[in-house]
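What follows is each chain in one-letter form.
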Protein chains: 2
Amino acid sequence: MDAATLLLTGKAKTTDSIYRRVDSVDAKGFPPAVKNLAKQSAGIAVLFETNSNIIRAKWTLPAEVYMHNMTPIAHSGLDLYCFQNGKWQFVSVAKPAKGTSQNQLIVQHMDGSMKQFMLYLPLYNGISQLQIGVQKDAVINKPAQPAINKTKRIVVYGSSVVQGASAGRPGMAYPAILQRRTGYDVINLGFSGSAKMEPELAAYIATVQADCYVLDCIPNPSPEQIRDRSHYFIKYIRGLRPNTPIVLVETVFRQNGLFDQQVGTTVRRQNEEIKKTYERLKQEGVKNIFYIESDKLIGNDHEATIDGIHLTDLGFMRIADAILPVIKKAMNEKK
Amino acid sequence: MDAATLLLTGKAKTTDSIYRRVDSVDAKGFPPAVKNLAKQSAGIAVLFETNSNIIRAKWTLPAEVYMHNMTPIAHSGLDLYCFQNGKWQFVSVAKPAKGTSQNQLIVQHMDGSMKQFMLYLPLYNGISQLQIGVQKDAVINKPAQPAINKTKRIVVYGSSVVQGASAGRPGMAYPAILQRRTGYDVINLGFSGSAKMEPELAAYIATVQADCYVLDCIPNPSPEQIRDRSHYFIKYIRGLRPNTPIVLVETVFRQNGLFDQQVGTTVRRQNEEIKKTYERLKQEGVKNIFYIESDKLIGNDHEATIDGIHLTDLGFMRIADAILPVIKKAMNEKK
């Protein structure tokens, strides 16, 4: 079954090529790095239901990727969940081999009851084509009652951490964890190394309807860029979306910044600058802005990253635990 | 500085080639797969102290590795910790590029105080050569007071999970977490896919002095192999080490076994067989045997693995939390 005929979640809008995050026309004015990352499939998942005993996937990647801090499963693989007893539960993954043409068994020997599945797409690669394989006599179709509720939506704009570095598999990026826990449609606008709050991005994000915006974009811009851009960026979104709650997240502390004194200083200055913008917005009477401090995000044992900045699944579970209550508060307390 | 002149931990015995886990003569009778994995450097770390502001590493890998469920940092990279305020704290990693010759900056801009460091070696590759780089005028030498206490030692024999799949970086394999938390020398005898309790392995392990043996080798043998081999295996070690506590660990439940009915049945049968052996040993009056059940190991949210069986850092933190109290109990309560 061509996955394009099933139900896609995690997409801000319809796009020219179905498995990319941002339409190429919308991305036209983006900085080149963001324009390129907009083609990737982070945060997109395919929903379907089937009574098949077996699920396979056949997918084509636009390119072979090497990342020292990501598993091939995370950057180029697929991650399958099943909705059972009111919860999304991990089933198994489609493991990419070297090369770009993939054809893998995900799970077999299941009982033949009808079940709803969600298949997450690669975090740091794209998808040119995707087919989901079931046995010959099985039913596969769009879920009659999708367990991801598209009437509520959270949009997360941010850095590589938002895009999903360094989750073990696509479903462990924290926007995906938020999506499963809330049942809302969560849009991953994480642009690795490139979430620098340019006006073009504000212009795009403000056109993406949301019930909550999470801005976790402090790791990438310099302290000076945060000083120069963040107030305009947030006010622009607020202008087009007067009542939608906005959650501002300080940058995760770079663990190596506890040893590298220059890195440590930069991170502190980044957070000081966004804090100043937050205080200024409050003074200006801007409502429905929520703020999460760096030391609340990933614990204090220094073990939650792979390389000092990018979160492992341990870090992603912790950051999801930290951010979700603030999102819920923001959505409930909206004035 | 050639790392071979510094202090190595995590080694069962001296070996012909310094960065391999088991001497080639000792490994001669091992099954071919185990013989090959014995060359890898999982669990080995280099201890040193330096006042350098910068630490680099230059290392040669015997081969380029591709693993769909491991990051290059974990299978072929290096992971640096520093001993501060009585604790080991993560500093940063050496990120492997493609190829086998590596030369990477790990950390810079540190203050110039004397510090003790530990550098973990690759989990699923070997090391042919390793040099640690410091600035010209800095001191680097073996620590005067090593923070890993070689007077106490834990030996962990097991599968890929013990070897470290799928930690994000070498220091997150659970034997490494146990080592940092206890300060004891912990020996990683994890042999991916190949921990099948052959008599040759019992013969070797019994010659490795330990204050506690952890046998986490149930994922690899079939239920029949566990039935046929486990009693002999444990009794053999007990024969040569009459008083050393032995901690038996059931196999982590394969998460996909909740959907794949055949996998689910196999895992249950593996655990039934090792439980029978445990009960038989108790009936025979064998002392100092401790047992950890599968459902105590990695939580119940089904999120702790990358592919159903191999633990991410989330899973490794949980399994370390589960196993460490039993090891402590075993070492304290020894009769």
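In this text, all values refer to a predicted model and were calculated from it rather than measured experimentally.

Asks: Where do I start with the packing of aromatic side chains in this structure?
Replies: Where two aromatic rings form a pair, the distance of their centres and the angle of their planes describe that pair. As enumerated under the stated definition, the model contains 20 aromatic pairs over all chains in all. Measuring from ring centre to ring centre gives 5.7 Å for Tyr81 of chain B and Tyr120 of chain B, while their planes differ by 90°; the resulting arrangement is edge-to-face. Within this pair, whereas Tyr81 of chain B is found in strand S4 (residues 78-84), its partner Tyr120 of chain B is found in strand S7 (residues 115-120), the two being separated by 39 residues in sequence. An identical accessibility class is assigned to Tyr81 of chain B and Tyr120 of chain B; each is buried. Residues Tyr157 of chain B and Phe191 of chain B carry aromatic rings whose centres are separated by 6.4 Å and whose planes lie at 55° to one another, so their mutual orientation is tilted. Of this pair, Tyr157 of chain B sits in strand S10 (residues 149-158) while Phe191 of chain B sits in the loop between strand S11 (184-190) and helix H5 (199-206), and the two are 34 residues apart along the sequence. Note on Tyr157 of chain B: relative accessible area 0%, which makes it buried. The aromatic ring of Phe90 of chain A is capped on one face by Arg169 of chain A, whose charged end is 4.0 Å from the ring centroid.

Asks: Got a minute to help me understand the domain arrangement of chain A in this structure?
Replies: Interface size is commonly expressed as the accessible surface area that is lost when the partners come together. All names here are of chain A. Under the domain assignment used here, chain A contains domain 1 (3-141) and domain 2 (149-333). Using C-alpha coordinates to define each centre, domain 1 is positioned 24 Å away from domain 2. Taken together, the contacts link 36 residues of domain 1 with 35 residues of domain 2. Overall, the association of domain 1 and domain 2 removes approximately 2,800 Å² of surface from exposure, summing both partners, and the carbon and sulfur fraction of that is 60%. Here domain 1 is connected to domain 2 by one salt bridge. For the salt bridge of Asp79 with Arg169, the shortest nitrogen-to-oxygen distance reads 3.1 Å. Where domain 1 touches domain 2, the interface holds 22 residue pairs in polar contact (both at pLDDT 80 or more). Elements with a contribution of two residues or more to the side of domain 1 that touches domain 2: strand S1 (7-9), helix H1 (32-37), helix H2 (72-76), strand S4 (78-84), strand S5 (87-94) and strand S7 (115-120). Taken together, the residues that form the side of domain 1 that touches domain 2 break down as 23 nonpolar, eight polar and five charged.

Asks: When you look at the interface of chain B and chain A in this model, what are you seeing that I'm missing?
Replies: With 48 residues of chain B in contact, the opposing surface of chain A contributes 48 residues. Approximately 4,100 Å² of surface area, both sides summed, lies buried where chain B meets chain A, with 60% of it carried by carbon and sulfur atoms. Its largest share of buried area at the contact with chain A, chain B owes to Tyr66, Phe259 and Glu303 of chain B, together 18% of the area lost on that side. Remark: the boundary between chain B and chain A carries four salt bridges. Measuring nitrogen to oxygen at the nearest pair gives 2.7 Å for the salt bridge that ties Glu303 of chain B to Arg180 of chain A. The tally of links between chain B and chain A comes to 18 residue pairs in polar contact (both at pLDDT 80 or more).

Conventions and cut-offs
Residues numbered from 1 in each chain as written. Chains lettered and ligands numbered in written order. Predicted model: local features only at pLDDT ≥ 70, side-chain atom pairs only at ≥ 80, totals over all residues. Heavy atoms only, no water. Phe/Tyr/Trp six-rings, centres within 6.5 Å; stacked < 30°, edge-to-face > 60°. Helix = DSSP H or I, 4+ residues; strand = E, 2+ residues; numbered from the N terminus. Buried < 20%, exposed > 50% of the residue type's maximum accessible area, 1.4 Å probe, protein only. Lys NZ or Arg CZ within 6 Å of the ring centre and 35° of its normal. Domains from an automatic or database assignment. Contact = heavy atoms within 4.5 Å. Buried area = accessible area lost by both parts, 1.4 Å probe. Salt bridge = Lys/Arg side-chain N within 4 Å of Asp/Glu carboxyl O. Polar contact = N/O pair within 3.5 Å; in protein donor to acceptor, adjacent residues only side chain to side chain. Nonpolar A, V, L, I, M, F, W, Y, C, P; charged D, E, K, R; others polar.

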